[in-house]
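A look at the structure
The lines below spell out each chain.
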Amino acid sequence: MELGFGPEFDSFRAEVRGFLKAHWPPADGDVKSSANENAFVHAAIGEGYLHRNVPRRFGGSEQEPDIVRAEIIREEFRRARAPSGRIPVTGKLVVPTLLDCGTEEQCAQLIPKTLTGEIRWAQGFSEPNAGSDLASLRTRAELVGDEWVINGQKIWSTGAHLATHIFLLVRTEPDAPRHEGISYLLVDLRQPGVTIRPLTQMTRQKEFCEVFFDDARTPAGMLVGERGKGWYVTRSTLKHERSGIGGLTWPLSMFRDLLQLARSIERDGRPAIEDPAIRIELAAIDAELQSLTYSTYRATSHDVHAREVGWFQTMSKLYSTNLAQRISKLGRDIIGDQFLDMSGPNLKMIERFMISLSMSIAGGTSNIQRNLIAERSLGLPRDQHFESASKATPR
Amino acid sequence: MNFLLSDDQLAFLDTIRDLLTDRCDPLRVHAVFDRGESFDAELWAQLCGMGAPAIMIPEAYGGLGLQMIDLAIVAELLGEFAAPTPFLGHALAGLTIALAGDEAQKARWLPALASGELLGTVAWGEGDSRWLPDEWRLGAGSALTGVKQLVPNAAEADLLVVGVEGGLAVVEKGAAFTCTRLDGVDRTRPLDTVTFHGAVAEPLGPRPEDIDRLIDAAAVLLAADAFGGAHRLTEATVEYAKMRVQFGQTVGSFQGLKHQLANMALAVEPMRGLYWFAAHAWDAVPDKARYAAAQAKAHCTDVYLQASRDAVEAHGGIGFTWEHDTHIYFKRAMFDWTWLGQPNRHRLRAATLAGW
């Protein structure tokens, strides 16, 4: 058993470091310049460090899947504070979907611009009456001539007001059984038939949008996969949501902030961190954080060696959600009366107390996660009402 | 990164699992439990034959010379089967002598501890939740007088490794001490109160860090046992939910129960990584070992105790009966939770070790 990456990866790490040393920060020292960033990302793609799963002809670096090398690259790029060519999460979802199910033309037209950020994606799955029960969606599209004409409404589309395109699930075969009548369409948002209205969330921020389609149009060629098979295409999208080691970054940094807070805030004239009740809760939280961390390392190692991961397979999201909420509650306890002051120094903690709640809703609610754990990991009988995308088999 | 068990480790576990499946089935465990036997001597002899007590004893003294992770995964299995064996005290006694004994002491005791010819245990607790070395008040010296509590299988042991003020000492069977068996809650691991009346003792020469490592080892083994028990209980509860029919369907198809079971599994399964890391840190990551051990003990035993309560609830009435397996795990959970100090105690230690 070993937790490092093993000597066989030392030379790879050295290679990555050598590249970073030569290319970042840029020669003129201007780390903010987008020209410098683009040149760097281009060079990194050339070396095979970024967009590894994307073929070269679509602007990627076309590398064999390798979780360990990917993690070394992530670590080294972070250490050097180098640009990672990161695209928004929605782009990260659509690119693999296109690679799995899209046509050569769709990939060639859309993927390179997605990687450079010229095209920014929103996701159009949920509707006001189709949340956890996604297959009940009602936004429809009709093929008129060589165009799809779309009418309906999507909701919870993160960043749609900043996006250029949306990937949509729409009903194209109204007479077919509900899973069979859905298609997956790509739509340019910059057209008169589309209205985007950001929703103000409880934190006062605007991240999610409602998107209205009123005779909006997209070319017939923007259908991904077969007509009526969109449900199975989304399976590919959802598959790519599973987080690996990279998913640990956020809870780890939340915990670091919490420790910092506990050190800096005083209660009864002493730093909060000296309070035994706080120390006990900090330790209890860190035990869960370490459980998540080492279970993730274990799962990754098992993936690499093609061994069954077991129950943990379905657990990352709910475990992280519960952990984030536990962290945010201790933050609440530590800040005391400042919990009521949105212009005070602890706004971030107040926001986290709220934002952590969205984790049990977005991307599959916590109760849906419990269904997944019960059914997929524990093998309990499937709920007759619960038809997740996971139930569908790809064709 | 290879955070997984090797093929050799998996093969070793398989042979022990086969033995336990064969010789440590629930009926056998209930029989030992009901009769209040000291332990399952036949099973213990077979485990000794397979090398379970030899795992961490150096090869030079007849052991296997393996690591804490190897010992811990066996502890997990024994926890999974609720095995009524004196493994915990025996393994810690052997480890103590391997770490803190001089050449003569090692040569004298280790081979017989590795083979199981001698049975060892550790006498650490002094009552009032005093478990840790800086709380040991029993006077050191060549003759011990005083009381140790919650000592596993002291009455059957051939030698006791006793925690004394500032150190450790070995007391052999026949020396001047008496054992009083506790009416213990966990009858798979009986405990004694040991009263020393000027008992002849041979001091070991531990460095302070050796004593720390022993405490960490105990914490890791308890965490491993807790994970094994909690995981098995979760599996058993899930199996029951798939079989038990009410309202014309298996109860496991009701979302209320499914969510309870999902929450139980969610609490339990990730502990595996935590205790693996604590064992691995004991072997290979010294600067994190103490913290990881304290955290593993605190978290795993806490979750085990709660999981055993959840298991009873999910089983309904049958889970509350003496004849069912659940209470045996429940009581092992109580042992793991209490022995060496309650979870919050170890959380406070962890906070200090982390420099908070």
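Residues numbered from 1 in each chain as written. Chains lettered and ligands numbered in written order. Predicted model: local features only at pLDDT ≥ 70, side-chain atom pairs only at ≥ 80, totals over all residues.

Take the overall build of chain B next. From N to C terminus, chain B includes 12 helices and 9 strands. Referenced to the eigenvectors of the C-alpha coordinate spread, the extents of chain B come out at roughly 70 × 45 × 40 Å. The contacts of chain B with a sequence gap of at least 6 include a subset with a gap of at least 24, amounting to 75%. (Helix = DSSP H or I, 4+ residues; strand = E, 2+ residues; numbered from the N terminus. Contact = placed C-beta atoms within 7 Å.)

This paragraph deals with the overall build of chain A. Broken down by element type, chain A carries 11 helices and 10 strands. Taken over C-alpha atoms, the radius of gyration comes to 23 Å for chain A, in line with the 21 Å a tight globule of 395 residues would show. With the C-alpha coordinates aligned to their principal axes, the bounding extent of chain A is approximately 75 × 50 × 45 Å. Considering only contacts in chain A between residues 6 or more positions apart, those separated by 24 or more positions represent 67%. (Rg over C-alpha atoms; globule rule 2.2 N^0.38 Å.)

Taken together, the contacts link 44 residues of chain A with 38 residues of chain B. The element that contributes the greatest number of residues to the side of chain A that touches chain B is helix α8 (residues 276–304) of chain A, accounting for 18 residues. Residue composition of the side of chain A that touches chain B, by class: 25 nonpolar, 12 polar and 7 charged. (Nonpolar A, V, L, I, M, F, W, Y, C, P; charged D, E, K, R; others polar.)

Right, let's get into the pairing of strand β6 (residues 191–200) of chain B. Residue and element names in this part refer to chain B. The pairing of strand β2 (residues 143–152) with β6 spans 8 bridges and is classified as antiparallel. Following the sheet pairing, K148 is matched in β6 by V194. Two elements, strand β5 (residues 177–181) and β6, share 5 bridges in a ladder whose sense is antiparallel. Residue pairing in the sheet places F177 in a bridge with F196 of β6. (Pairing = 2+ DSSP bridges.)

All names here are of chain B. Strand order in the open sheet made by the 4 strands is β1-β3-β4-β7, with mixed pairing throughout. Unpaired on one side and paired on the other, β1 (120–123) and β7 (202–203) mark the two borders of the sheet. Across 4 bridges, the pairing between β1 and strand β3 (residues 159–164) is parallel. Residue pairing for β3: T121 is matched across the bridge by L160. In this fold helix α5 (residues 87–100) packs onto β1, β3 and β4 (167–172), with an angle of close to 80° to the strand it touches most, β1. (Axes fitted to C-alpha atoms, helices over the stretch in contact; angles between N-to-C directions.)

This part is about the packing of α8 of chain A against helix α10 (residues 286–315) of chain B. Orientation of α8 of chain A relative to α10 of chain B, taken along the N-to-C sense of each, is 95°, at an axis distance of 10 Å. With respect to each other, α8 of chain A and α10 of chain B are oriented roughly perpendicular. Counting all contacts with α8 of chain A, which are made through A283, D286, A287, Q290 and S291 of chain A, the residues of α10 of chain B involved are Q295, A298 and H299 of chain B. (Parallel < 35°, antiparallel > 145°, perpendicular 65-115°, else oblique.)

In a regular helix each residue adds 1.5 Å, so 13 residues correspond to 18 Å; helix α4 (residues 89–101) of chain A covers 19 Å between its end C-alpha atoms and thus fits that length. Within the span of α4 of chain A, buried status applies to T90, G91, L93, V94, V95, T97, L98 and C101 of chain A. (Expected span 1.5 Å × (residues − 1). Buried ≥ 20, exposed ≤ 12 C-beta atoms within 10 Å, placed from the backbone.)

A few words now on the nonpolar core. Core analysis: the largest hydrophobic core is formed by 171 residues, its most contacted members being V220, Y275 and A278 of chain B. A per-element tally of this core places helix α7 (residues 208–243) of chain B first, with 18 residues. Of all hydrophobic cores here, the second largest spans 46 residues; its members include A141, V170, F208 and Y232 of chain A. (Core = buried A, V, L, I, M, F, W, Y, C linked by C-beta atoms within 7 Å.)

Within a beta sheet, neighbouring strands are joined by backbone hydrogen bonds and run either parallel or antiparallel to one another. Residue and element names in this part refer to chain B. With respect to topology, 3 strands assemble into an open sheet ordered β2-β6-β5, the strand pairing being antiparallel. The open sheet is flanked by β2 and β5, the only strands paired with a single partner. Going from strand to strand, the sheet's axes swing by 10° on average, the running direction of each strand aside.

We now examine the environment of E281 of chain A. Assignment of secondary structure puts E281 of chain A in helix α8. In this structure the C-alpha to C-alpha distance between E281 of chain A and L137 of chain A, which are 144 residues apart in sequence, comes to 43 Å.

All right, on to the confidence of the model for chain A then. All names here are of chain A. In the predicted model, chain A carries a mean pLDDT of 90, and 95% of its residues have values of at least 70. The secondary structure element of chain A with the lowest average pLDDT is helix α6 (residues 230–239), at 80, and the one with the highest is strand β8 (residues 223–224), at 98. Segment residues 388–395 is flagged for pLDDT under 50; beyond a separation of four residues in sequence, or across chains, it makes 16 contacts in the model. (pLDDT = per-residue confidence, 0-100.)

Cis geometry marks the peptide bond from W24 of chain A to P25 of chain A, where omega comes out at 0°. You can see P25 of chain A is positioned in the loop between α1 (10–23) and α2 (34–47). Positive phi, close to 80°, is recorded for L340 of chain B, a residue that is not glycine. Note on placement: L340 of chain B falls in the loop between α11 (326–338) and α12 (343–353). Overall, the presence of 21 C-beta atoms within 10 Å leaves L340 of chain B in the buried class.

Each packed pair of helices is defined by two parameters, the angle between the axes and the distance between the axes. All names here are of chain B. Relative to each other, α7 and α11 sit at 155°, their axes nearing to 10 Å. It follows from the interaxial angle that α7 and α11 lie roughly antiparallel. For α7 against α11, the interelement crossing comes out left-handed. Contacts from L222, D225, A226, G229 and L233 in α7 reach T326, Y329, R332, A333 and D336 in α11. Along the lines of polarity and charge, the residues of the contact of α7 with α11 split into 5 nonpolar, 2 polar and 3 charged. (Left-handed = near helix turned anticlockwise from the far one by under 90°.)

Looking now at α11 of chain B. Residue and element names in this part refer to chain B. Taking 1.5 Å per residue, 13 residues should reach 18 Å; α11 reaches 19 Å between its end C-alpha atoms and fits that length. All buried positions along α11 are accounted for by T326, I328, Y329, F330, R332, A333, F335, D336 and W337. Remark: L340 follows α11 within two positions and exhibits a positive phi of approximately 80°.

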